[in-house]
Amino acid sequence: MKNQKIPDHIADDDGLFGRFKIALSEALAVSMDESEWKKFAVRYGLRDRIIGHERFIRSLQWGDADHEGHVLDLIEQMSYSNVPAFLDLVERPNVKRALKRKDPEIFDIWQHDVDPVVTALSHSLGEVAAVSSVIDLKTHIERIEKALPDDPYLAVGATKDLLEAAMRTILTNRGHTDVRKLHFPELTSTCFNELGLSPQTPPASKGEGHIRKISSNARKMIETANELRNLTGTGHGHVVGTEEELSVEDASLVASNGLILAAWILKKAAP
């Protein structure tokens, strides 16, 4: 069995774990037949819970709408009282195929040892982007999540692409033309000016002065993410295997900060 325990990045996140159990119950409801359930019950001492249940097998036999609910009740119980049985169901090939069809994203999260901070931030950013109606960042977010921890170089590159996509779309939605011709430093400067984050007049108060410092540092972080990508990535003429060394921890720092910065400028750009 591939997973000997429920992955920490799922078990420690109630929302994510709840989503996984719902998707799993949907997958089991369409992929497990009566014979499989009975053999499973005998193997894991769940006769009373499955075979002896008043409705579990009967609802399956008749194709009743409540069968999925009975499955959900079962996996909810097993998730804390019988983890080996829970994992047995998850790792069955027919169940995995059904789970991947039902919720490809949650399937990938289960399969990979994702960065919990990046995962949490990416979900928040997805909500910000949806509410602001500024840009669909799903593809960029998924690339960042899937890159860690296996490919820190790709994670940094995807973070740079995420920030670039957010800034280009903000400017386009505000009437700027030929945005794609702007190189990254000019793009960042133009976007920050458009959002009023690079004022030339003295701050009106000490508080405003501190906010300007934060904005200035945020801009530097965005520009530095691009510089790091150019230094460590395999593009720009770099030969694979000769890039600057980049640790998973450093890539995670860049990715998590990139997600926060993207969310911040999207909020600033929202009407």
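Scoring rules and cut-offs
- Residues numbered from 1 in each chain as written.
- Predicted model: local features only at pLDDT ≥ 70, side-chain atom pairs only at ≥ 80, totals over all residues.
- Heavy atoms only, no water.
- Helix = DSSP H or I, 4+ residues; strand = E, 2+ residues; numbered from the N terminus.
- Buried < 20%, exposed > 50% of the residue type's maximum accessible area, 1.4 Å probe, protein only.
- Contact = heavy atoms within 4.5 Å.
- Polar contact = N/O pair within 3.5 Å; in protein donor to acceptor, adjacent residues only side chain to side chain.
- Core = buried A, V, L, I, M, F, W, Y, C linked by side-chain atoms within 4.5 Å.
- Axes fitted to C-alpha atoms, helices over the stretch in contact; angles between N-to-C directions.
- Parallel < 35°, antiparallel > 145°, perpendicular 65-115°, else oblique.
- Left-handed = near helix turned anticlockwise from the far one by under 90°.
- Nonpolar A, V, L, I, M, F, W, Y, C, P; charged D, E, K, R; others polar.
- Salt bridge = Lys/Arg side-chain N within 4 Å of Asp/Glu carboxyl O.

1. What about the overall build of the protein?
Within the protein, the regular secondary structure consists of 15 helices and 0 strands. Taking all 271 residues of the protein together, 45% fall into the buried category. Within the protein, residue pairs in contact and separated by at least 24 positions form 65% of the contacts whose partners lie at least 6 positions apart.

2. Looking at the environment of R143
Of note, R143 is situated in helix α11 (residues 138–147). Looking at R143, the relative accessible area reads 32%, which means it is partly exposed. Considered as a pair, R143 and L154 are 11 residues apart in the sequence and their alpha carbons are 8.0 Å apart. The residues touching R143, leaving out its near neighbours within four places in the chain, are L154, A158 and D161. Within the structure, the side chain of R143 is placed 3.1 Å from the side chain of D161, a separation counted as a polar contact.

3. Topic: the nonpolar core
With 35 residues, the main nonpolar core has F20, L28, W37, F40, I50, M78 and F86 as its most contacted residues. The set of elements that each furnish at least two residues to this core consists of α2 (14–31), α3 (34–43), α5 (56–62), α6 (67–81), α7 (83–90), α8 (93–102) and α9 (104–111). Listed in part, the 34 residues of the second largest apolar core include L187, L195, L197 and A269.

4. Some words on the packing of α11 against helix α12 (residues 152–173)
Between α11 and α12, the shortest axis-to-axis distance is 8 Å and the interhelical angle comes to 165°. As far as their axial angle goes, α12 and α11 are roughly antiparallel. As α11 packs across α12, the resulting crossing turns out to be left-handed. Between α11 and α12, the contacting residues are H140, R143, I144 and A147 on the first element and P152, L154, A155, A158, T159, D161, L162 and A165 on the second. For the contact of α11 with α12, a count of residues per class yields 8 nonpolar, 2 polar and 2 charged.

5. Focus on the pattern of salt bridges
It is possible for side chains of opposite charge to pair when their charged atoms get near one another. Within this structure, the stated rule accounts for 15 salt bridges. Residue R168 is joined to E164 by a salt bridge in which the shortest nitrogen-to-oxygen separation is 2.5 Å. Pair noted here: R168 and E164 are both in helix α12, with a separation of 4 residues, about one helical turn. Given the relative accessible area of 11%, R168 is considered buried. For E164, a relative accessible area of 16% corresponds to the buried category. For R212, the salt bridge is made with E208, and the minimal N-O distance between the two is 2.7 Å. Of the two residues, R212 and E208 both sit in helix α14 (residues 206–232), 4 residues apart, roughly one turn of that helix. In this structure, a network of salt bridges that share partners links the residues R19, D103 and E105.

6. With respect to unusual backbone geometry
Outside of glycine, negative phi angles account for most residues, and trans bonds account for most peptide bonds. Backbone geometry places D178, a non-glycine residue, at a positive phi of 55°. Topologically, D178 is positioned in the loop between α12 and α13 (184–194).

7. Describing the side chain of R168
A polar side-chain atom of R168 sits 2.5 Å from the main-chain carbonyl oxygen of V179. Beyond its immediate sequence surroundings of up to four residues, R168 is in contact with V179, R180, K181, L182 and L187.

8. Brief notes about the side chain of S59
Relative to the helices and strands, S59 resides in helix α5. Overall, the relative accessible area of 0% leaves S59 in the buried class. Apart from residues lying up to four places away in sequence, S59 is in contact with D64, D66, H67 and H70.

The quantities given are spatial measurements derived from coordinates; they are silent on function.
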